[in-house]
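# Descriptive structure summary
Next come the chains, spelled out residue by residue.
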Amino acid sequence: MSALFDKFLIPTAVGLVVTGLAAAAGWLYRCRRITPTSPRVLRRFCLLGTTGADGTPLYYETTRAPGSVVTRRVGSLSQRFELTDAPLGDGTYAAEPLDHL
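Residues numbered from 1 in each chain as written. Predicted model: local features only at pLDDT ≥ 70, side-chain atom pairs only at ≥ 80, totals over all residues. Heavy atoms only, no water.

### A short note on the pattern of salt bridges
Scanning the entire structure with this criterion turns up one salt bridge. Between Glu61 and Arg44 there is a salt bridge, with its nearest N and O atoms 3.9 Å apart. You can see Glu61 sitting in strand E2 (residues 57-62) and its partner Arg44 sitting in strand E1 (residues 43-51), a full 17 residues away along the chain. (Salt bridge = Lys/Arg side-chain N within 4 Å of Asp/Glu carboxyl O. Helix = DSSP H or I, 4+ residues; strand = E, 2+ residues; numbered from the N terminus.)

In structure tokens form, the structure reads like this:
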């Protein structure tokens, strides 16, 4: 019985363990490759309620995702804006003010 155990059972058990580890490593590799990463897209946001010295709206370009909060200087004050995914007619996106001056 011992010879049968040494000849078949141990190599079979080792083979199953190695096969299981290889399958787990392959699964982890595929999961990591398949996981979608959002591409970083440069977007232009119009800072709503702001104007420059010449009267034109102020814009902010970033790769940050909608929902992010950014701080910009408007005149001599810092103001926070939330980036949205709401498109405006000129091809930009809206950045809504969070601080009321």
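### Description of the environment of Thr63
Here Thr63 shows up in the loop between E2 and strand E3 (69-74). Taking C-alpha positions, Thr63 is 5.3 Å from Val41, a pair spaced 22 residues apart along the chain. When sequence neighbours within four positions are dropped, the list of residues in contact with Thr63 reads Arg40, Val41 and Leu42. (Contact = heavy atoms within 4.5 Å.)

### Quick look at the nonpolar core
In this structure, Phe45, Leu47, Tyr60, Val70, Val74, Phe81, Leu83 and Ala95 together form the largest nonpolar core, which totals eight residues. Only E1, E3 and strand E4 (77-87) provide two or more residues apiece to this core. Those residues in contact with Val74 that lie beyond four places of it in its chain are Thr50, Gln79 and Phe81. (Core = buried A, V, L, I, M, F, W, Y, C linked by side-chain atoms within 4.5 Å. Buried < 20%, exposed > 50% of the residue type's maximum accessible area, 1.4 Å probe, protein only.)

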